[in-house]
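# Commentary on secondary and tertiary structure
So the chains spell out like this:
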Amino acid sequence: MHLKVLALVLVITAVGICYYKVSRLGVPLTPDASAEVWTVEATLTFDGDGRSAKAALAIPSDPPGFTVLDESFVSSGFGLATEPEGANRIARWAARNLNGRQTLYYRVVLNEDADANRERERPVPAYPSIPEYTAPERAAVFALLENVRSRSADTASFTQELLRRFNDPTADAEVEVLRDDSARPLEQVQRLQYILAGARIPTRIAYVLPLAEGLRHGRLNPWLEVYNGEDWLAFNPINGHQGFARDVLVWHVGQRPLVRLDGASNAQVDFSATRASRDVMGLAQQRARLLNSDILDYSLLSLPIATQNTYKVLLTVPLGALVVVLLRNFVGFRTFGTFMPVLIALAFRETELIWGCILFSVLVALGLIVRFYLERLKLLLVPRLASMLTIVILLMAGVSVISHKLGMEHGLSIALFPMVILAMTIERMSIVWDENGPKDALLSGLGSLAVAALGFVVMTNPLAEYLAFVFPELLLLVLAFTLLAGRYTGYRLSELWRFRAAARAISRS
């Protein structure tokens, strides 16, 4: 029970940390993930009148469908402060003795996030009073509202039906009375607010910036928002679609003007936007800083690049060890030692798999020949092992020189093989050869080579390398499995094959 509880704790810890990184910080689960990032810039220009001046510009505040990654201001010579004002954020600049044309810049970097800031509950509005309509307007408004109410079920469907009727080219007589086809879009939305006030539905205008690649001289468009008692619901005033589209950025809401000047004049705001693809991992680190999360600051990503590269290799070693556990304890592969296949697999990273298998086989074969000769000398254990280590090094050097002379540069990488492990492998293989015969020795040698090859495939898998480095907590899952595997006492697959005759005999009886 203790072991199972420990394994469960390890699994919960690993999954919990991994879930936080993915869901909260947006750390990608694949190494090649990328995301679209928008850079939007507002340029405010105005004329100084030779005195102190203040400029207040509305800027995005938790825009729906986007996460703010960074924002910056270019306003040399101006004092700057940002503060909330109702549902908006305001950037306030101030300076003395301003003369001539002044230019201020605001830049925001946004990451598309469909679920971000979709809940718009605040502020809670008061229910509006019914306007003082003229007699024709009153008749038209209440006739229209009554028709719309009979064809709707709630505030959302009520608004959509109203927008459909209001924008219908073949509108009813009451709509013709209320609609002005020559009005500007803002005036049309204000007209809709005027009509909805007859039903005492709170409304406001949301000013959105349609985003497009290479946008220059962009302008804000008015959208309609209605309050249904719980949330603000957005509607496109042209087609009646509910919800903000993915390609619009809510800049500010309400009756407040986009910019206010005090001591200056002739304000003009110009918008531009561009889109770029950015590495999701970089975005996750940026988002972690915005959320004041330290989990990535204390991760391997905070280490120097050279150290990171070292750990990218080291963190795959447990995966190779997991392969050894699976193949030895559950399949029944025979290997020389537990870690020899893992270390050989590490050497294969430099030699590549095919050349690594060839060089390993050549080196072990030559070492065995020399080891059989040393057997005739009747040496003690330690001197014999020391001799084998020296011989293995000499063989490695010899193979490197010969392969270099033959133009086979892959042979030079044999120097990366773990020489001590090779010496011990040759020693143990010779002992098994003497005690159990050449068949067992060759099977164990081939088993070691096969496990090393499979370990190499797993350890060099790009996804496995990425997950082990970016989500090192997942190695707790490997640890939990190996702990549980340590208690496994059942049959191995090779034993089921080995005792198949007995199994058939038992089944017949």
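What you see is a predicted model, and the numbers here were worked out from it, not measured in a lab.

Thresholds, definitions, all that
Residues numbered from 1 in each chain as written. Predicted model: local features only at pLDDT ≥ 70, side-chain atom pairs only at ≥ 80, totals over all residues. Heavy atoms only, no water. Helix = DSSP H or I, 4+ residues; strand = E, 2+ residues; numbered from the N terminus. Rg over C-alpha atoms; globule rule 2.2 N^0.38 Å. Buried < 20%, exposed > 50% of the residue type's maximum accessible area, 1.4 Å probe, protein only. Contact = heavy atoms within 4.5 Å. Areas by Shrake-Rupley, 256 points an atom, 1.4 Å probe, with all protein chains shown as cover. Salt bridge = Lys/Arg side-chain N within 4 Å of Asp/Glu carboxyl O. Polar contact = N/O pair within 3.5 Å; in protein donor to acceptor, adjacent residues only side chain to side chain. Expected span 1.5 Å × (residues − 1). Phe/Tyr/Trp six-rings, centres within 6.5 Å; stacked < 30°, edge-to-face > 60°. Axes fitted to C-alpha atoms, helices over the stretch in contact; angles between N-to-C directions. Parallel < 35°, antiparallel > 145°, perpendicular 65-115°, else oblique. Left-handed = near helix turned anticlockwise from the far one by under 90°. Pairing = 2+ DSSP bridges. Core = buried A, V, L, I, M, F, W, Y, C linked by side-chain atoms within 4.5 Å.

A few words on the overall build of the protein. Within the protein one finds 17 helices and eleven strands. What you see for the protein is a C-alpha radius of gyration of 37 Å, clearly larger than the 23 Å of a compact globule of 509 residues, by over 25%. Taken across its 509 residues, the protein has 42% of its residues classed as buried. When contacts within the protein are restricted to residue pairs at least 6 apart in sequence, those whose partners lie at least 24 apart make up 76%. Entry remark: accessible area of the protein is about 27,000 Å², with carbon and sulfur atoms responsible for 58%.

Scanning the model with the defined rule gives 20 salt bridges in all. Residues Arg92 and Glu83 are paired through a salt bridge, measuring 2.5 Å at the closest nitrogen-oxygen approach. Taken together, the shared-partner salt bridges connect Glu83, Glu85, Arg92, Arg256 and Arg260 into one network.

By secondary structure assignment, the location of Arg384 is in helix 11 (residues 381-405). By relative accessible area, Arg384 is classed as buried at 14%. Within the local environment of Arg384, its side chain forms a polar contact with the backbone oxygen of Leu379, the two atoms lying 3.4 Å apart. Once residues within four sequence positions are removed from consideration, Arg384 is found in contact with Arg371, Leu379 and Glu427.

Let us now look at helix 12 (residues 419-436). Compared with an ideal rise of 1.5 Å per residue, which puts 18 residues at 26 Å, helix 12 spans 25 Å between its outermost C-alpha atoms and is within 8% of the ideal. Considered for burial, the residues of helix 12 that qualify are Leu422, Ala423, Thr425, Ile426, Glu427, Met429, Ser430 and Val432. If you follow the buried residues of helix 12, they end up packed against helix 9 (340-351), helix 10 (353-375), helix 11 and helix 13 (438-459). Phi for Gly437, located one or two positions after helix 12, is positive at around 100°.

Applying the stated criterion to the full structure yields twelve aromatic pairs. Relative to Phe78, the ring of Phe46 lies with its centre 6.4 Å away and its plane at 85°, an arrangement referred to as edge-to-face. Separated by 32 residues along the polypeptide, Phe46 in strand 1 (residues 34-59) and Phe78 in the loop between strand 2 (66-74) and strand 3 (79-85) bring together distant segments of the chain. For the pair Phe46 and Phe78, a shared accessibility class is recorded, and that class is buried. Judged by centre distance (4.7 Å) and plane angle (35°), the ring pair of Phe330 and Tyr488 falls under tilted. Here Tyr488 lies in the loop between helix 15 (475-485) and helix 16 (493-498) and Phe330 lies in helix 8 (residues 317-331), a separation of 158 residues in the sequence. According to the relative accessible area criterion, Phe330 is partly exposed, its value standing at 23%. Put simply, the rings of Phe73, Trp93, Tyr106, Trp251 and Phe271 touch in pairs and so form one group of aromatic residues.

Okay, the environment of Arg246 next. Within the element layout of this structure, Arg246 appears in the loop between strand 8 (232-235) and strand 9 (248-253). Residues Arg246 and Leu211, 35 residues apart in the sequence, show an inter-C-alpha distance of 8.9 Å. Not counting residues within four places of it along the chain, the set of residues in contact with Arg246 comprises Phe66 and Glu112. Within polar-contact distance, the side chain of Arg246 engages the side chain of Glu112 at 3.3 Å.

Right, let's talk about the packing of helix 9 against helix 13 for a bit. For the pair helix 9 and helix 13, interaxial distance at closest approach is 8 Å and the crossing angle is 55°. Looking at the two axes, helix 9 sits oblique to helix 13. Where helix 9 crosses over helix 13, the handedness of that crossing is right-handed. Facing helix 9, whose interface residues are Met340, Pro341, Val342, Ile344, Ala345, Leu346, Phe348 and Arg349, helix 13 presents Ser448, Leu449, Val451, Ala452, Ala453, Gly455, Phe456 and Met459.

It is worth spelling out the sheet that holds strand 5 (residues 203-210) at this point. With antiparallel pairing, four strands are arranged side by side in an open sheet as 8-7-5-9. The outermost strands of the open sheet, each flanked by one partner alone, are strand 8 and strand 9. Adjacent strand axes in the sheet meet at a mean angle of 40° when their direction is disregarded. For strand 5 and strand 7 (residues 221-227), the ladder comprises six bridges, and the chain directions are antiparallel.

Soluble globular proteins: nonpolar side chains tend toward being buried together. Ranked by internal contacts, the top residues of the largest apolar core, which has 59 residues, are Val40, Leu44, Leu57 and Trp251. With eleven residues, strand 1 is the largest single contributor of residues to this core. In contact with Leu44, other than residues within four places in its own chain, are Ala55, Leu57, Trp93, Gln102, Thr103, Leu104, Val259, Ala267, Gln268 and Val269. Of all hydrophobic cores here, the second largest spans 35 residues; its members include Val342, Leu363, Met396 and Phe456.

Attention now goes to unusual backbone geometry. Although it is not a glycine, Asp62 adopts a positive phi angle of roughly 50°. Topologically, Asp62 is positioned in the loop between strand 1 and strand 2. For Asn266, which is not a glycine, the phi torsion comes out positive at approximately 60°. In this fold, Asn266 is placed in strand 11 (residues 264-279).

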